[in-house]
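Working through the structure, step by step
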Amino acid sequence: MDRGYSENLDLNRVPTPCFVIDEGKLKYNLKILDDVQKRSGCKILLALKAFAMFSVFPLLRKTLKGICASSPHEARLGYEEFRREVHSFAAAYSETDIKELIPLSDHIVFNSFAQWNRFRSLIEKSGRKINCGIRVNPEHSEGQVSIYDPCAPGSRLGVRLKDFDENALPGISGLHFHTLCEQNSDALDRTLKVFEEKFGQFLYQMQWVNFGGGHHITRSDYDVDLLCNLIIQFRKKYDLTVYLEPGEAVALNAGILVASVLDIVDNHIHIAILDTSATAHMPDVLEMPYRPEVVNAGMPGQRAYTYRLGGLSCLAGDIIGDYSFDEPLKIGTKIVFLDMAHYTMVKTTTFNGVKLPSIALYKPENDKLEIIRSFTYEDYKTRLS
Ligand SMILES: Cc1ncc(COP(=O)(O)O)c(C=O)c1O
C-alpha cells in the first residue's frame, strides 16, 4: 500500500494510540525532493509547521537545505536540531520575537513594510548577516477553500502591489510568496505568471525568491518536469536563488495513527469509541473538514459491518467518520488511520486530559519499531500552571 502503511508492520507491537512514522516512506519522498533540487538548482526547506519530528532531522538534513519557521520556537528547533538554513516568517513579530529570531535565523521575511521599517535597525545593529525579505500577495487564488487561501479578499498575508513600497527596498534581498495548498505545478505556473506581471520588475535587484509551500511534489500525479522547468527558467531570467518550503510533501503518506476500539455503543448506528480523538489528535478532521482513510475499511454500507468511529472526549462531535469493515469490530481491534504524519502530530492537544499518542519510528528495511516518545501526566500538567 502506497500510503505510509507497511503490510509487514505487526500491529500487535504498536501501543495505542500511537503515530508510527515510516522511515522508508520518508526516504522515498526525500529522493523525489533531491531530484528536484539537482535538476532545477533550487533549495528546498522543510516547513516545521507541518512536520517537526526532530529525531528524523539527521535523515532529512542529508537532502533538505534547512527549515522554515513560523515562530521563535520553531526557529530554535531548526537551529538546534536541523542545523542548516533557518528561514523565519510570521504574520507579525513583536520586538521580543525579533530579538529571539536574530541569532537563530539566516532569513527573516516580513509581512509588511511597516514591520520591516520598525525592525530593520535592530537587525542591522546585530551585526549578523541576515537576508531580509518581504512577503507579497499576488492576489491570485488557486485554492477553493478560503481558510487555506492567502490570496482571498481580506487576507492579512502578504503585501499587495498597491501597497508595495519601492523606496523601502534597500536592505531587502528577496521576495516571498505562499499561495498554494496541496497543488500541482500547473497552479504554480499560473501563479508565477501573475507574480511576475506584478512583482517581476523588482526581482532583478533581488538575490533570492521563495515560492512558499503547498507544492504537492511527492504525490504520484505531480508534474515534476513542469516544476523543474519553471524554476530553471526563473533562475535564468532573474539570476537568483529559488527556495521552496513545502511541509506536507516531505511527510506525505509517511505516517499512520494506530488506535484501539475501547467500546461499542448503539444509537441508530453502531458506534466504536476509540482510544484516540478527532478533536485532540486529528483536529484537521473537524477543522478542514475531511475523512481520513482507514486501512481495510470502506464507505458506509460498502462492506458487511458499518460503524461510526468516535473519540473518547466529551465533545459530541468528536466523530472521525462512518466506515464499513468485513468483520465485526471487537474491543481491542486496531484501527489504522492513514497519512497522519503532517499537520496532525504537530496539532495534537490534551483537551479533556486525553493522553497524547506515542511517537514511533518504523524501519521497513529491518522491521525495527522504535518507540521514540510516550507521554505522561506530566506533559499534560506542565502546560496548565
Ligand atoms: C508561509 C508558508 N510556508 C510554507 C507552508 C507549508 O505548506 P505545505 O505544508 O502545504 O507545503 C505554509 C503552510 O501553511 C506556509 O504558510
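Predicted model, so just to flag it, every value in this text is computed and none were measured. (Residues numbered from 1 in each chain as written. Predicted model: local features only at pLDDT ≥ 70, side-chain atom pairs only at ≥ 80, totals over all residues. Heavy atoms only, no water.)

1. Some thoughts on the domain arrangement of the chain
- Domain parsing of the chain yields domain 1 (11-20 + 255-340 + 348-381) and domain 2 (41-251).
- Every contact between the two is made by 8 residues of domain 1 and, on the other side, 6 residues of domain 2.
- Viewed at the interface, domain 2 and domain 1 are joined by 0 salt bridges.
- Along the contact surface separating domain 1 from domain 2 lie 0 residue pairs in polar contact (both at pLDDT 80 or more).
- Every element with two or more residues in the side of domain 1 that touches domain 2 is listed here: α10 (283-287) and β15 (358-363).
- Looking at which element gives the most residues to the side of domain 1 that touches domain 2, the answer is β15, with 3 residues.
- Residues that form the side of domain 1 that touches domain 2 fall into these classes: 5 nonpolar, no polar and 3 charged. (Domains from an automatic or database assignment. Contact = heavy atoms within 4.5 Å. Salt bridge = Lys/Arg side-chain N within 4 Å of Asp/Glu carboxyl O. Polar contact = N/O pair within 3.5 Å; in protein donor to acceptor, adjacent residues only side chain to side chain. Helix = DSSP H or I, 4+ residues; strand = E, 2+ residues; numbered from the N terminus. Nonpolar A, V, L, I, M, F, W, Y, C, P; charged D, E, K, R; others polar.)

2. Describing the site of the ligand
- The full set close to the ligand counts 13 residues, and G214, E245, G247, E248 and Y343 are the nearest of them.
- Within the side chain of K49, a nitrogen or oxygen atom sits 3.1 Å from an oxygen atom of the ligand.
- Within the side chain of H178, an N or O atom sits 3.4 Å from an oxygen atom of the ligand.
- Taken by itself the ligand offers 390 Å² of open surface, and the protein chains cover 86% of this.
- Using a 2 Å cut-off from the grid points, one finds that the ligand occupies the largest pocket.
- Grouping the constituent residues of the shell around the ligand by class yields 4 nonpolar, 5 polar and 4 charged. (Near = heavy atom within 4 Å. Areas by Shrake-Rupley, 256 points an atom, 1.4 Å probe, with all protein chains shown as cover. 1 Å grid on protein atoms, 1.4 Å probe; cavity = no way out; pocket = protein on both sides within 12 Å on 5 of 7 lines; lining within 4 Å. Sits in = over half its atoms within 2 Å of the grid points.)

3. Quick word on helix α7 (residues 224-238)
- With 15 residues, α7 extends 21 Å from end C-alpha to end C-alpha; this agrees with the ideal 21 Å at 1.5 Å per step.
- Along α7, the residues classified as buried are V224, L227, C228, L230, I231, F234 and Y238. Taken end-on, α7 shows its buried residues confined to a sector of 160 degrees, consistent with a single buried face. Along α7, the residues that are exposed and aim more than 90 degrees away from the buried face are Q233 and K236. (Expected span 1.5 Å × (residues − 1). Buried < 20%, exposed > 50% of the residue type's maximum accessible area, 1.4 Å probe, protein only. Arc of directions from axis to C-beta.)

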